[in-house]
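These are the residues of each chain, in order.
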Amino acid sequence: MIAAPWSPPVWMKDNGKSKGGSLKPEFYAAYASYFVKYIQEMKKEGISIDAVTPQNEPLHPGNNPSLYMPSEKQGEFIKNHLGPAFKASYIKTKIVVYDHNCNKPEYAVDILKDPEAYPYIDGSAFHLYEGDISALSTVHNAFPDKNLYFTEQWTGSKGTFGEDLNWHVKNVIIGSMRNWSKTALEWNLANDPQYGPHTDGGCTECKGAITVSDREHFTRNVSYYIIAHASKFVPAGSQRIASTQTEHLSSAAFMTQSGKIILIVQNDHQADENFNIKFAGKTAAVAIPGRSAATYIFNRTL
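All figures in this text were calculated on a predicted structure; none of them were measured in a lab.

Draft legend 1. Structural context of the pattern of salt bridges. Following the criterion strictly, the structure yields seven salt bridges and no others. K94 is paired through a salt bridge with D50; the nearest N and O atoms lie 2.8 Å apart. Highlighted residues: K94 in strand 3 (residues 94–102) and D50 in the loop between helix 1 (28–44) and strand 2 (51–52), separated in sequence by 44 residues. For K94, a relative accessible area of 27% puts it in the partly exposed group. For D50, a relative accessible area of 38% translates into the label partly exposed. Here K170 ties to D268 by a salt bridge, and the two come within 3.0 Å at their closest N and O atoms. Here K170, found in helix 5 (residues 161–178), pairs with D268, found in the loop between strand 14 (260–267) and strand 15 (273–279); they are 98 residues apart in sequence, far enough to count as distant. Among the residues examined, K170 registers a relative accessible area of 29% and is labelled partly exposed. Each of K79, D114 and E116 takes part in salt bridges that share partners, so that together they form one network.

Draft legend 2. Expanded view of the sheet that holds strand 7 (residues 181–184). With respect to topology, six strands assemble into an open sheet ordered 1-2-3-4-5-7, the strand pairing being parallel. If you trace the sheet from one side to the other, it starts and ends with strand 1 (2–3) and strand 7, each paired once. Of the pairings in the sheet, the one linking strand 5 (residues 147–152) to strand 7 comprises two bridges and is parallel in character. Opposite L148, over in strand 7, you have S181 as the bridge partner. Against the sheet, helix 2 (residues 71–88) contacts strand 2, strand 3 and strand 4 (121–131), and its axis sits at roughly 155° relative to strand 3.

Draft legend 3. Quick look at the environment of A230. Within the element layout of this structure, A230 appears in helix 6 (residues 222–231). Distance from A230 to L263, taken between C-alpha atoms, is 9.2 Å for residues 33 residues apart in sequence. In contact with A230, not counting residues within four places along its chain, are I173 and I264.

Draft legend 4. Focus on a nonpolar patch on the surface. On the surface, F161, Y224 and Y225 cluster together into a nonpolar patch covering about 290 Å² of accessible area. Mapped onto the fold, F161 is located in helix 5.

Draft legend 5. Main features of the side chain of E152. Position of E152 among the secondary structure elements: in strand 5. Polar contacts involving the side chain of E152 include one to the side chain of Y129, which spans 2.8 Å. Aside from chain neighbours lying at most four places away, what touches E152 is N56, E57, F126, H127, L128, Y129, L185 and W187.

Draft legend 6. Representation of helix 6 within the structure. When we look at burial in helix 6, the residues that qualify are V222, S223, I226, H229 and A230. When helix 6 is viewed along its axis, its buried side chains cluster within an angular range of 115° and face the same direction.

Draft legend 7. How the structure looks around the state of the cysteines. Summed over the entire model, instances satisfying the criterion amount to one disulfide. The side chain of C203 participates in a disulfide bridge whose partner is C206; the two sulfur atoms lie 2.0 Å from each other. Because the sign of the S-S torsion sets the handedness, a value of about 100° for the bond joining C203 and C206 places this disulfide among the right-handed ones. Under the relative-accessibility criterion, C203 is labelled partly exposed at 30%. Residue classification places C206 among the buried residues on the basis of a relative accessible area of 7%. Sulfur of C102: no disulfide; nearest cysteine sulfur belongs to C206 and is 18 Å away. Given the relative accessible area of 4%, C102 is considered buried.

Conventions we followed
- Per chain, residues are indexed from 1 in the order of the written sequence.
- In keeping with the predicted nature of the model, local features appear solely for residues at pLDDT of at least 70, side-chain atom pairs appear and are counted solely at 80 or more, and the whole-chain, interface and lining totals rest on all residues.
- With hydrogens and water excluded, all non-hydrogen atoms of the structure serve as input to the side-chain values.
- We define a salt bridge as a contact between a side-chain nitrogen of Lys or Arg and a carboxyl oxygen of Asp or Glu at a distance within 4 Å.
- Secondary structure elements follow DSSP: runs of H or I of four or more residues count as helices, runs of E of two or more count as strands, with numbering from the N terminus.
- For the exposure calls, accessible area comes from a 1.4 Å probe over protein chains only, and a residue counts as buried if that area is under 20% of its type's maximum, exposed if over 50%, partly exposed in between.
- Only when DSSP finds a minimum of two bridges between them are two strands counted as paired.
- Contacts are assigned to residue pairs with any non-hydrogen atoms lying within 4.5 Å of each other.
- What counts as an axis is a line fitted to C-alpha atoms, over the stretch in contact for a helix, and the angles between N-to-C directions run from 0 to 180 degrees.
- Residues with no salt bridge and a relative accessible area higher than 30% make up the patches, which join like charges within 9 Å and nonpolar side chains (Val, Leu, Ile, Met, Phe, Trp, Tyr) within 5 Å.
- Here the open area of atoms and residues is found with the Shrake-Rupley method and a 1.4 Å probe, where only the protein chains shown may cover a residue.
- Throughout this description, a polar contact denotes any pair of N or O atoms lying within 3.5 Å of each other; where both atoms belong to protein, one of them has to be capable of donating a hydrogen while the other can accept it, and for residues adjacent in sequence the pair is counted only when both atoms sit in side chains.
- This arc corresponds to the set of directions leading from the helix axis out to the C-beta atoms.
- Defined by distance alone, a disulfide is two cysteine sulfur atoms within 2.5 Å.

By themselves, these are just geometric observations and shouldn't be taken as functional.
Structure below.
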């Protein structure tokens, strides 16, 4: 579980509001204590917080709630307050920087360049509402010993199933994996038929993986199937292995701890595509329909 706050308490902010504003420097230490207490109290309830990001979408103060936190402020908060507070309280929860769009990889790079902040940081997190998924590789190439996480991409009420499925499998599932991410997460888990609940000023058309109509009825939506292409077949502990691509076919391959090979392929072409799966001297001829995605499973010993 990775936890990402949307706003500190309003009394810690320079505008006194849940929307926008910045964290007042005199409250950096108090806010770090909030993180520590949150992690400790969640643990008492049996919930282990594996990682935190200091702020969800720190360069987008237009949400309600939200907070503006540029890289220099986040770096200062981590190196002088959050990191030391975790260390003093023996908190092992990872600190992951940025948690925003792929158009600003320099945000993560700037913080990781700071030798005082660097030891406290596990890695960086990205969304893809702007930029290109290759931004993750930009950060990886600069700091190959730090982890990368893809933490959010939404599907909306106005999207179509086919277009959303193909774009997300190509970019979020395959794209993030080919660019060193350890996770591929969709936004969000569930909502009602009116896309609630949400805050005033929050997203009014973000479609959950499932729509819950009542206590007994729910509907699976496109993000359910986007994630299922990987989550149903690629368990924790699997390792991505090399796979080739063509002009129209995107792919990501994995080896599970049980020795199975999982291959996820997305065909971005309107026409059907024929290709061969080759591994360990074996070849299988495969056809994939146009504008579709498929997951293939085979045993390593075959």
